[in-house]
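# Fold and geometry: a report
Below, each chain spelled out in residue letters.
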Amino acid sequence: MPTIYGIKNCDTMKKARAWLDGRGIVYDFHDYKTAGIEKAKLEGWAKKAGWETLLNTAGTTFRKLPDADKANLTGAKAVKLMLAQPAMIKRPVLELGGGKLLVGFKPEQYETIVRR
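Residues numbered from 1 in each chain as written. Predicted model: local features only at pLDDT ≥ 70, side-chain atom pairs only at ≥ 80, totals over all residues. Heavy atoms only, no water.

As a further point, take the pattern of salt bridges. Close approach of charged atoms allows side chains of opposite charge to pair. Per the stated rule, a full pass over the model turns up four salt bridges. One salt bridge connects Glu43 with Lys39, and the closest N-O pair in it is separated by 3.9 Å. You can see Glu43 and its partner Lys39 sitting in helix α2 (residues 39–49), four residues apart, about one turn around the helix. Classification of Glu43 by relative accessible area gives partly exposed; the value is 38%. (Salt bridge = Lys/Arg side-chain N within 4 Å of Asp/Glu carboxyl O. Helix = DSSP H or I, 4+ residues; strand = E, 2+ residues; numbered from the N terminus. Buried < 20%, exposed > 50% of the residue type's maximum accessible area, 1.4 Å probe, protein only.)

Turning next to the packing of α2 against helix α6 (residues 75–84). Each packed pair of helices is defined by two parameters, the angle between the axes and the distance between the axes. Between α2 and α6, whose axes approach to 10 Å, the crossing angle comes to 135°. The angle between α2 and α6 falls in the class oblique. As for the relative orientation of α2 and α6, their crossing is right-handed in sense. Along its contact with α2, which presents Lys39, Leu42, Glu43 and Ala46, the element α6 presents Val79, Met82 and Leu83. The residue inventory of the contact of α2 with α6, partitioned by class, reads five nonpolar, no polar and two charged. (Axes fitted to C-alpha atoms, helices over the stretch in contact; angles between N-to-C directions. Parallel < 35°, antiparallel > 145°, perpendicular 65-115°, else oblique. Left-handed = near helix turned anticlockwise from the far one by under 90°. Contact = heavy atoms within 4.5 Å. Nonpolar A, V, L, I, M, F, W, Y, C, P; charged D, E, K, R; others polar.)

Structurally, the position occupied by Asp31 is in strand β2 (residues 28–31). Although buried, Asp31 forms no salt bridge, and the nearest oppositely charged side chain, Lys8, lies 6.8 Å from it. Here the side chain of Asp31 touches Lys8 through a polar contact of 3.3 Å, landing on its backbone nitrogen. A distance of 2.9 Å separates a polar atom in the side chain of Asp31 from the backbone nitrogen of Lys33. Among residues more than four places away in sequence, those in contact with Asp31 are Gly6, Ile7, Lys8 and Gly36. (Lys, Arg positive; Asp, Glu negative; His and termini not counted. Polar contact = N/O pair within 3.5 Å; in protein donor to acceptor, adjacent residues only side chain to side chain.)

With that settled, the discussion passes to the nonpolar core. Core analysis: the biggest nonpolar cluster contains 35 residues, and Leu20, Trp45, Leu54, Met82, Ile89, Tyr110 and Val114 have the highest contact counts within it. Broken down by secondary-structure element, the contributors of at least two residues to this core are β1 (3–6), α1 (11–22), α2, α3 (51–54), α6, β3 (93–95), β4 (101–103) and α7 (107–114). Residues contacting Trp45, with those up to four places away along its chain left out, are Tyr5, Ile37, Gly50, Leu54, Ile89, Val93, Glu95 and Leu101. (Core = buried A, V, L, I, M, F, W, Y, C linked by side-chain atoms within 4.5 Å.)

For α2, every residue scored as buried is listed here: Leu42, Trp45 and Ala46. All buried residues of α2 fall inside an arc of 100° around its axis, so they share one side. Every exposed residue of α2 that faces more than 90 degrees away from the buried side is listed here: Ala40, Lys47 and Lys48. The inward-facing, buried residues of α2 contact β1, α3, α6, β3 and β4. Looking one or two residues past α2, Gly50 carries a phi angle of roughly 95°, positive in sign. (Arc of directions from axis to C-beta.)

Here four strands make up an open sheet; going across it, the order is β2-β1-β3-β4 and the pairing mixed. The strands lining the two open edges of the sheet, one partner per strand, are β2 and β4. Between one strand axis and the next, the sheet turns through 15° on average, direction left out of account. The sheet contact formed by β3 and β4 spans three bridges and is antiparallel. Within β4, the position partnered with Glu95 by the bridge is Leu101. Each of β1, β2 and β3 is contacted by α1, which is oriented at about 165° to β1, the strand it contacts most. Against the sheet, α7 touches β1, β3 and β4, its axis set at about 175° to β4. (Pairing = 2+ DSSP bridges.)

Below, the structure is given as structure tokens:
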């Protein structure tokens, strides 16, 4: 069963969940703002999708960081920031069977990948 990770009240999450619901796709929802996220899982996502894709640099949480925290980013530093503040993880993250992972929500991408 697919698992969608994100924050309950995020508008993009609402769109992704509505898309899945509208197609009758059953999934688990993991709210990493309330339930947290395991370091190993986050590192696995960063390895698979790239930490640059996973880190939401456009969000308010990241933009409010001190410049020193935003400077000289590496994979390890990005994972540490996302663990400390899960709101910095781009949403949603959708884990599918077969090791498939989608970061962000684009209906056309979901249509192509989720339906397989």
